[in-house]
Amino acid sequence: MKPAPLQIGYLAFPGTSGSSYMDYYICDPIACERDEDFTELLINLPHTFIAPIREINEADPVGDEGLLTRERMKISTGSFVYCCLSLGSYIDKPTMKLWSSILKQAPTSVLWVVLFSNASETPLFAEAKKLGIKSRIRWTFDVNYLQMKRYAPHICDLYLDTPLYN
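These notes cover the structure that comes with them. (Residues numbered from 1 in each chain as written. Predicted model: local features only at pLDDT ≥ 70, side-chain atom pairs only at ≥ 80, totals over all residues. Heavy atoms only, no water.)

**Remarks on the sheet that holds strand β3 (residues 41-44)**
Put simply, the test is: Should DSSP find at least two bridges between two strands, the strands are taken to pair. Runs of E in the DSSP output that reach at least two residues are strands. Runs of H or I that reach at least four are helices, and both are numbered from the N terminus.
Spatially, β1-β2-β3 is the arrangement adopted by the three strands of the open sheet, whose pairing is parallel. Where the open sheet ends on each side, the last strands, each with one partner, are β1 (8-9) and β3.

Right, dumping it as structure tokens:
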């Protein structure tokens, strides 16, 4: 039984729900490359399904020269990579403390945090240092939105979200 006659997914998890009760999913050609990966019918918005923090510039490097890779991010082979793609302002002290616990239980793991600006992120650095995990975090600033959408799945092993976002 469906909670409503028409069910549409949007934002939150950028992928299929895999369920038979969801009718549509709103996305874009970058986030949803292949229709066959979805149980929902796709409603593709022409540019992007998320209003990015930074304007998307199609001329930004998204080819090999701008490719985000584990090697370029100085992540050693065999490391397990957690990542957070939420806004830095959504990462609070309790979340950092939880992530610290996760990293300490997985000694070869690192956390990739994508920050869309570095001006207001100073408290994050201080908290990471205080918790003893600053060297285990790979901070990326002002990342191109298209790069993040295309390459994050190839870098991240597990996404961590924030309570304030999802």
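**Quick notes on the packing of aromatic side chains**
Under the convention used in this document: A pair of aromatic rings is counted whenever rings of Phe, Tyr or Trp (Trp by its six-membered ring) have centres within 6.5 Å, and the orientation is called stacked for planes under 30 degrees apart, edge-to-face for over 60 and tilted otherwise. Only protein chains enter the accessibility calculation, which uses a 1.4 Å probe; a residue whose area is less than 20% of its type maximum is buried, one above 50% is exposed, and one in between is partly exposed.
Within the structure shown, the criterion is met by three aromatic pairs. Here Phe 80 and Tyr 82 contribute two aromatic rings whose centre-to-centre distance is 4.9 Å and whose plane-to-plane angle is 65 degrees, an arrangement assigned as edge-to-face. According to the relative accessible area criterion, Phe 80 is partly exposed, its value standing at 34%. Overall, Tyr 82 belongs to the buried group, its relative accessible area being 11%.

**Digging into the side chain of Gln 7**
To keep it simple, the criterion reads: Note on contacts: a residue pair qualifies if any of its non-hydrogen atoms lie within 4.5 Å across the two residues.
Relative to the helices and strands, Gln 7 resides in the segment before β1. Taking the relative accessible area as the measure of exposure, Gln 7 reaches 13% and is therefore buried. In contact with Gln 7, other than residues within four places in its own chain, are Lys 2, Tyr 21, Met 22, Asp 23 and Tyr 24.

**With respect to helix α1 (residues 93-105)**
Inclusion rule: Take the number of residues in a helix, subtract one, and multiply by 1.5 Å to get its expected span. Directions drawn from the helix axis to the C-beta atoms are what define this arc.
Between its terminal C-alpha atoms α1 stretches 19 Å, which fits the 18 Å expected from 13 residues at 1.5 Å a residue. Buried within α1 are the following residues: Thr 95, Met 96, Trp 99, Ser 100 and Leu 103. The buried side chains of α1 occupy one side of the element, clustering within an arc of 140 degrees when seen end-on. Across α1 from its buried face, at more than 90 degrees, point the exposed residues Pro 94, Lys 97, Leu 98, Lys 104 and Gln 105.

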